[in-house]
Amino acid sequence: GNPLWQAQFGGTALEIGRALAVSKTNDGLFVAGTTNSYSTSGKSDISVTLVDTAGNYQGSIVLGFDSLVEYANDVIATSDSGFLLVGQTQANGDNNHNNVFAVKFSGQGAPQWMKTFGTPFGNDVGLRAVEIPGLGYFLCGSSDAGTAGMRDGYFVAVDPSGVLQGQLLVGTAGDDDGRFVTLAENKLIFSGITGSTSGPNRSNIYITALNPEDLSI
């Protein structure tokens, strides 16, 4: 069939939409992505665009540090009618290392808090987020701070104000990434990729379950 509506938003350089969430009140869309249009150094920043359910532009914001690279990887609608974005930034590392970057927004798109999380020397990336009702948020991704520089699943628990409650590395002897996370029967279930048993240049699906209490949340 024909599209109900189409819209384009962005600056004068490369723009990529990477994640989308519908507000809990079903009256708006929150589009997170990356932009190269506003940094004087030409590096990627995080872009956030709000549109209504008819595709009408409602506002936008750009987040980032001018000489560093930021990416948005996921956004979720939160129970307080706001949004939580998770991604990565070089802000607390160097040009070869990232930290997890999380930003909580109001329903109108105003940042309420902005935090970075990471291991002391690892390359840490936030890929997905889930809300734990009444407790806070759980972020998952990957970090190479584990044994012999191999990637492990990296998990971060924060309270509703973004205060760190705990973090954990989980993985096998191979490279592991936490790509998706959900809450089921009060357990945190994540799936991703592991290279531990599949041989060179191959990977297997990796699924594991955690108790939220394991991260002290």
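In case you missed it, the structure is sitting above this.
Residues numbered from 1 in each chain as written. Predicted model: local features only at pLDDT ≥ 70, side-chain atom pairs only at ≥ 80, totals over all residues. Heavy atoms only, no water.

Peer 1: It is not clear to me how the overall build of the chain should be interpreted in this structure. Could you clarify?
Peer 2: Each helix and strand counted, the chain has zero helices and 15 strands in total. Over its C-alpha atoms the chain spans a radius of gyration of 18 Å, differing by no more than 12% from the 17 Å that the globule rule assigns to 217 residues. Within the chain, buried positions represent 46% of all 217 residues. Once local pairs closer than 6 in sequence are excluded, the contacts in the chain between residues at least 24 apart make up 43%. Of the roughly 10,800 Å² that the chain leaves accessible, carbon and sulfur atoms contribute 49%. Side chains of the chain give 10 positive and 20 negative charges; the mean places of these two sets differ by 4 Å. (Helix = DSSP H or I, 4+ residues; strand = E, 2+ residues; numbered from the N terminus. Rg over C-alpha atoms; globule rule 2.2 N^0.38 Å. Buried < 20%, exposed > 50% of the residue type's maximum accessible area, 1.4 Å probe, protein only. Contact = heavy atoms within 4.5 Å. Areas by Shrake-Rupley, 256 points an atom, 1.4 Å probe, with all protein chains shown as cover. Lys, Arg positive; Asp, Glu negative; His and termini not counted. Charge placed at Lys NZ, Arg CZ, Asp CG, Glu CD.)

Peer 1: Teacher, can you tell me more about the nonpolar core here?
Peer 2: The nonpolar side chains of soluble globular proteins are, as a tendency, buried together. Among the nonpolar cores identified, the biggest contains 16 residues, and Phe30 and Phe105 are the most heavily contacted of them. Among the secondary structure elements, those contributing two or more residues to this core are strand 1 (15–22), strand 2 (29–35), strand 3 (45–51), strand 5 (70–77), strand 6 (83–89) and strand 7 (99–105). When neighbours within four sequence positions are excluded, Phe105 is seen to be in contact with Phe30, Val48, Ile61, Leu63, Gly82, Phe83, Leu85, Ala110, Pro111 and Gln112. (Core = buried A, V, L, I, M, F, W, Y, C linked by side-chain atoms within 4.5 Å.)

Peer 1: Would you take a moment to explain the pattern of salt bridges for this structure?
Peer 2: A side chain of one charge can pair with a side chain of the opposite charge if their charged atoms are brought near each other. On inspection of all chains with the given rule, the structure shows one salt bridge. Its salt-bridge partner being Lys104, residue Asp80 comes within 3.0 Å of it at the nearest N-O pair. Of this pair, Asp80 sits in the loop between strand 5 and strand 6 while Lys104 sits in strand 7; the two residues are 24 residues apart in sequence, bridging distant segments of the chain. The exposure class assigned to Asp80 is partly exposed, which follows from its relative accessible area of 45%. On the basis of relative accessible area, Lys104 is assigned to the buried category, the value being 1%. (Salt bridge = Lys/Arg side-chain N within 4 Å of Asp/Glu carboxyl O.)

Peer 1: Just checking my understanding: could you explain the sheet that holds strand 15 (residues 204–210) for this structure?
Peer 2: The pairing of strands in a sheet comes from backbone hydrogen bonds and takes either a parallel or an antiparallel form. Strand order in the open sheet formed by three strands is 13-14-15, with antiparallel pairing between adjacent strands. Sheet topology places strand 13 (176–184) and strand 15 at the edges, where each strand pairs with a single neighbour. Put simply, the sheet's adjacent strands are angled 25° from each other on average, direction ignored. Both strand 13 and strand 14 (residues 187–194) contribute to a ladder of eight bridges, which runs antiparallel. Residue pairing in the sheet places Leu183 in a bridge with Leu188 of strand 14. (Pairing = 2+ DSSP bridges. Axes fitted to C-alpha atoms, helices over the stretch in contact; angles between N-to-C directions.)

Peer 1: Could you clarify how one ought to interpret the sheet that holds strand 12 (residues 164–170) in this entry?
Peer 2: Pairing is antiparallel across the open sheet formed by four strands, whose spatial order is 9-10-11-12. Only two strands of the sheet have a single partner each, and these edge strands are strand 9 (124–132) and strand 12. In this sheet, adjacent strand axes meet at a mean angle of 20° when their direction is disregarded. Here strand 10 (residues 136–143) runs beside strand 11 (residues 152–158); their pairing, made up of seven bridges, is antiparallel. When the sheet's bridge partners are listed, Ser143 is paired in strand 11 with Asp152.

Peer 1: Where do I start with unusual backbone geometry in this structure?
Peer 2: Most peptide bonds adopt trans geometry, and most residues besides glycine take a negative phi value. With a phi angle near 70°, Ser81 is a residue other than glycine that sits in the positive phi range. Of note, Ser81 is situated in the loop between strand 5 and strand 6. The backbone phi angle of Glu185 is positive, close to 50°, even though this residue is not glycine. For Glu185, the location among the structural elements is in the loop between strand 13 and strand 14. What makes Glu185 exposed here is its relative accessible area of 76%.

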